[in-house]
Amino acid sequence: MNFLRGVMGGQSAGPQHTEAETIQKLCDRVASSTLLDDRRNAVRALKSLSKKYRLEVGIQAMEHLIHVLQTDRSDSEIIGYALDTLYNIISNDEEEEVEENSTRQSEDLGSQFTEIFIKQPENVTLLLSLLEEFDFHVRWPGVKLLTSLLKQLGPQVQQIILVSPMGVSRLMDLLADSREVIRNDGVLLLQALTRSNGAIQKIVAFENAFERLLDIITEEGNSDGGIVVEDCLILLQNLLKNNNSNQNFFKEGSYIQRMKPWFHVGDENSGWSAQKVTNLHVMLQLVRVLVSPTNPPGATSSCQKAMFQCGLLQQLCTILMATGVPADILTETINTVSEVIRGYQVNQDYFASVNAPSNPPRPAIVVLLMSMVNERQPFVLRCAVLYCFQCFLYKNQKGQGEIVSTLLPSTIDATGNSVSAGQLLCGGLFSTDSLSNWCAAVALAHALQENATQKEQLLRVQLATSIGNPPVSLLQQCTNILSQGSKIQTRVGLLMLLCTWLSNCPIAVTHFLHNSANVPFLTGQIAENLGEEEQLVQGLCALLLGISIYFNDNSLESYMKEKLKQLIEKRIGKENFIEKLGFISKHELYSRASQKPQPNFPSPEYMIFDHEFTKLVKELEGVITKAIYKSSEEDKKEEEVKKTLEQHDSIVTHYKNMIREQDLQLEELKQQISTLKCQNEQLQTAVTQQVSQIQQHKDQYNLLKVQLGKDNQHQGSYSDGTQVNGVQPEEVGRLREEIEELKSNQELLQSQLAEKDSLIENLKSSQASPGTNEQSSAPASARDSEQIAELKQELATLKSQLNSQSVEISRLQTEKQELLRKTETFAKSAPAPGDSEAGTTAKTTDVEGRLSALLQETKELKNEIKALSEERSAIKEQLDASNSTIAILQNEKNKLEMDVTDSKKEQDDLLVLLADQDQKIFSLKNKLKELGHPVEEEDELESGDQDDEEDEDEDDGKDQGPI
């Protein structure tokens, strides 16, 4: 404290001796009084003196005031006085300070007293514990004191609070206080607490800060709210800016959706108060924090997706096209929309579809470009429109094609009723305003960025310079303006456009060199000794000439690479050329433009470099330098090696594609094989079922055979009866012969069924054989077809025999009916005297019974034979279906064998070609070694390994043979 006393002693206007004594007495009363009222009155008196006599009170009373905070916590009044006194001592009240020296001295006192207070970390912990008191006279001055401490020595106080148990959580409770003044000051406290401290930012975010702050903003009226809304938004910025964890938490918590109501500005134009403008400005900045180009790409794209899905982008576009919006809000809205759509295809497509509410409607892009090329518009607005156009085209080849297509002859509106984006860009490119020239050139260069197709398309653009003169190409018109000696800003813009256009596009280089005046103009510009202002133009001309050499395909004999190098060496000198080329990256505005994508310039004269162009310069400066120093022989060798490697790459790519297609075909064939296997299994199941059915039929035939034996016995007894009764024996004998013939037919049928059974077993075994042995599939299929043909013939014979048997059974039935009728007639006509009549009647009854039984058994036999015939027909149909399935399967197998054989031949040819190509590569590498170029040994080992693998593949193919 001695240095504080020295400061106090050096003050010209220090306290009088009486006031110093008074402060000393009050401090003694605070330290020694036993009555609480005395101590309270003394602290109150110190509070009243602390503003005017800040230094003396701070030196003498701080220790006593801290002691009061520790010992008198039960009395909220004295605690409040002590906190107010400490706040007056530590805070820098600028309203009380008038002179600059006194203000600086006041700041020094605040930081010095803060350092004394936090020297004991327990003091800050004590202050945090006091904030838990709900009493207004304790909590409010405690919040103000802690805020002042954070303003004075923020990092040190933040560290103490961070290690304090539940320190941040206690401060978060302030946002839930029902008293607005404490809640609002709590927001200011958290602002100071979270500034530049990622750890505290994460803790505050996970203490549900987003939910509470968004609720406060909603309660206060969103953008129509007061300064409390602004404070909450600034706190949200502290939590989200450069904090990927909190940004991800904010997105996953669906808090982006709650931002949409902020931008409902309404239709009235009279509601744009100063506070509303400030609130909307901070809200737009908060949106940009979430989609900043400096954020990780994945986090930015997810936020862009959420903003489109919840309608936030649509709401921003509404503000963009609204009337009566203040200029600074419109500018910031354009910048915000730019970063919301940058690099995200869905948002870029939506922005391309937005139309301005005009009659007729015009695309928003056209309306914005009209502002960009209009020199009457504010400079910051024109920069914002350029940034928006750049973000719309960033990684958007579809949008680039749409912009370039508006310049092509087939798409230009001949009536002139509508203005396209391409026409606006051309108008700005050739206007008298140098800033419009620069902006239009940079915008058109972004339409060609990393898009060789559009670079070639732009070569088709023709411009009508004047009536009666033939049109000239856009490329030629750009070079014409360059040669006319316009302003530096215009020439720099055109040179950046030409460098972007010609890079990685040999066709554009050929068109550029075709004009014989271009190369002399560039060499003349580079060779001259001009002032510092022209050095940048000289460097860009050197870059353009270097691009014309590096990307030259030697299609023009007069401007081949070697001739251009000789021209440089004669007229400029290689060292001088490289020195002029280095002027670009050494320019003071180059590094500034390379830092951020947004074109943010304080004034128009600073608009020299574009961010994407600085990347191109960094990429090409080294390769152009190497190309200039290379000899013609090295160029030729490099070109030969490059062409050979390109041919090799194309051949390898071709065969890789062939192998990929063959792999796909093999996969399809494998699927077909699996399908055929399933069908084969189903067929085997059907054959098994047929075998079981045939076995059942064999059993039925055996039963029928037994029944036929009984019929023979019945027929014998029946013949005896007829002989006894006088029935004609010729008919009974003939009936017996027919039954014997039927029996023999049944035995023949049984043998045929046995043969059929063996054929089906052979068929089953032949169907199983193709899955196990592919090489014997052809003979097996031939045997199958022969067996199937024999089986068809035998089934036809069997069917005819069954039909003839059915006819014979029908004829037998009719003869039995006639025999029965004759028997009945004989019984009626025979005499019946006495006992002989009774015996004859009994015999006749017995014969009738036997005949009826025989007739019944014959009917059953006929029914069984009929059922058997139907089953045989069904079996025949199933076998026919099986035969057709087998034939289809055999055809598919034959096709599969042919495909596999062709694939094997193609693979063998491929291996031979690859072996030849690797041999060529090996010989080329030997040539490179002989020429002194280093060749890595790993490449040789890899090529050797590839040869070994190909040899092994060929040997495997020979061992396998045809599939």
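Residues numbered from 1 in each chain as written. Predicted model: local features only at pLDDT ≥ 70, side-chain atom pairs only at ≥ 80, totals over all residues. Heavy atoms only, no water.

Asks: What should I look at first to understand helix H13 (residues 209-219) in this one?
Replies: Along an α-helix, residues three or four positions apart point the same way, because every turn accommodates 3.6 residues. All of the buried residues along H13 are Ala 209, Phe 210, Leu 213, Leu 214, Ile 216 and Ile 217. For H13, the angular spread of the buried residues around the axis is 155°, confining them to a single face. Against helix H10 (167-172), helix H11 (180-194), helix H12 (198-206), helix H14 (227-240) and helix H15 (244-252) lie the buried residues of H13. Gly 221, located one to two residues past H13, shows a positive phi value of around 105°. (Buried < 20%, exposed > 50% of the residue type's maximum accessible area, 1.4 Å probe, protein only. Helix = DSSP H or I, 4+ residues; strand = E, 2+ residues; numbered from the N terminus. Arc of directions from axis to C-beta. Contact = heavy atoms within 4.5 Å.)

Asks: Sorry, what's going on with the side chain of Gln 390 here?
Replies: Counting through the fold element by element, Gln 390 comes out in helix H22 (residues 379-393). Note on Gln 390: relative accessible area 5%, which makes it buried. In terms of polar contacts, Gln 390 uses its side chain to reach the side chain of His 446, at 3.4 Å. Non-local contacts of Gln 390, meaning those with residues more than four positions away in its chain, are made with Val 442, His 446, Pro 597, Pro 599 and Asp 610. (Polar contact = N/O pair within 3.5 Å; in protein donor to acceptor, adjacent residues only side chain to side chain.)

Asks: Help me out: how do you make sense of unusual backbone geometry in this one?
Replies: Glycine aside, a negative phi is what most residues show, and trans is what most peptide bonds show. A cis amide bond links Asn 359 with the next residue in sequence, Pro 360, at an omega value of 0°. Mapped onto the elements, Pro 360 comes out in the loop between strand E1 (355-356) and strand E2 (362-363). Phi at Asn 208 takes a positive value of approximately 70°, unusual for a residue other than glycine. As for its position among the elements, Asn 208 is in the loop between H12 and H13.

Asks: What exactly am I supposed to notice about the pattern of salt bridges here?
Replies: Going through the model one piece at a time under the given rule, you end up with 21 salt bridges. The partner of Asp 37 in a salt bridge is Arg 40, with the nearest N and O atoms 2.7 Å apart. Separated by three residues within a single helix, Asp 37 and Arg 40 lie in helix H3 (residues 36-50), roughly one turn from each other. On the accessibility criterion, Asp 37 (45% relative accessible area) is partly exposed. What makes Arg 40 buried here is its relative accessible area of 12%. Lys 615 is paired through a salt bridge with Glu 612; the nearest N and O atoms lie 3.6 Å apart. Residue Lys 615 and its partner Glu 612 are located together in helix H36 (residues 611-629), separated by three residues, close to a single helical turn. Owing to a relative accessible area of 41%, Lys 615 belongs among the partly exposed residues under this scheme. With relative accessibility at 9%, the residue Glu 612 sits in the buried group. (Salt bridge = Lys/Arg side-chain N within 4 Å of Asp/Glu carboxyl O.)

Asks: Is there a simple way to explain the packing of H13 against H14 in this structure?
Replies: A pair of packed helices is captured by two measures, namely the crossing angle of their axes and the spacing between those axes. One can describe the packing of H13 onto H14 by two numbers: an axis separation of 9 Å at closest approach and a directional angle of 155°. If you check the angle between H13 and H14, you find them roughly antiparallel. Judged by the twist between their axes, the crossing of H13 over H14 is left-handed. Contacts between H13 and H14 involve Ala 209, Phe 210, Leu 213, Leu 214, Ile 216 and Ile 217 from the former and Val 228, Val 229, Cys 232, Leu 233, Leu 235, Leu 236, Leu 239 and Leu 240 from the latter. Split by residue class, the contact of H13 with H14 holds 14 nonpolar, no polar and no charged. (Axes fitted to C-alpha atoms, helices over the stretch in contact; angles between N-to-C directions. Parallel < 35°, antiparallel > 145°, perpendicular 65-115°, else oblique. Left-handed = near helix turned anticlockwise from the far one by under 90°. Nonpolar A, V, L, I, M, F, W, Y, C, P; charged D, E, K, R; others polar.)

Asks: Can you walk me through the packing of aromatic side chains in this structure?
Replies: What describes a pair of aromatic rings is the distance from one ring centre to the other and the angle between the planes of the rings. Summed over all chains, the structure comprises twelve aromatic pairs. Geometrically, the ring pair formed by Trp 438 and Phe 601 is edge-to-face, given 6.2 Å between the ring centres and 90° between the ring planes. Taken as a pair, Trp 438 in helix H25 (residues 434-446) and Phe 601 in the loop between helix H35 (588-593) and H36 lie far apart in primary sequence, 163 residues in all. As far as burial versus exposure is concerned, Trp 438 and Phe 601 are alike and both buried. On the basis of an interplanar angle of 90° and a centroid distance of 5.6 Å, the ring pair of Tyr 590 and Phe 609 is categorised as edge-to-face. Linking Tyr 590 in helix H35 with Phe 609 in the loop between H35 and H36, this pair joins segments that are 19 residues apart in sequence. Assigned by exposure class, Tyr 590 and Phe 609 land together as buried. Three or more aromatic residues link up through ring pairs in this structure, and these residues are Phe 206, Phe 210, Phe 249, Phe 250 and Tyr 255. The ring of Trp 272 has Lys 276 lying over it, and the distance from NZ or CZ to the ring centre is 4.9 Å. Geometry around Tyr 394 places Arg 342 over its ring, the cationic atom sitting 3.8 Å from the centre. (Phe/Tyr/Trp six-rings, centres within 6.5 Å; stacked < 30°, edge-to-face > 60°. Lys NZ or Arg CZ within 6 Å of the ring centre and 35° of its normal.)

Asks: I'm lost on the side chain of Asn 515 in this one. Help?
Replies: Within the secondary structure layout, Asn 515 lies in the loop between helix H29 (506-514) and helix H30 (518-527). In contact with Asn 515, other than residues within four places in its own chain, are Gln 476 and Thr 479.

Asks: Can you walk me through a negative patch on the surface in this structure?
Replies: On the surface, Asp 899, Asp 902, Glu 906, Asp 908 and Asp 909 cluster together into a patch of negative charge. Among the structural elements, Asp 908 can be located in helix H40 (residues 834-931). (Patch = residues over 30% accessible without salt bridge, like charges linked within 9 Å, V, L, I, M, F, W, Y side chains within 5 Å. Areas by Shrake-Rupley, 256 points an atom, 1.4 Å probe, with all protein chains shown as cover. Lys, Arg positive; Asp, Glu negative; His and termini not counted. Charge placed at Lys NZ, Arg CZ, Asp CG, Glu CD.)

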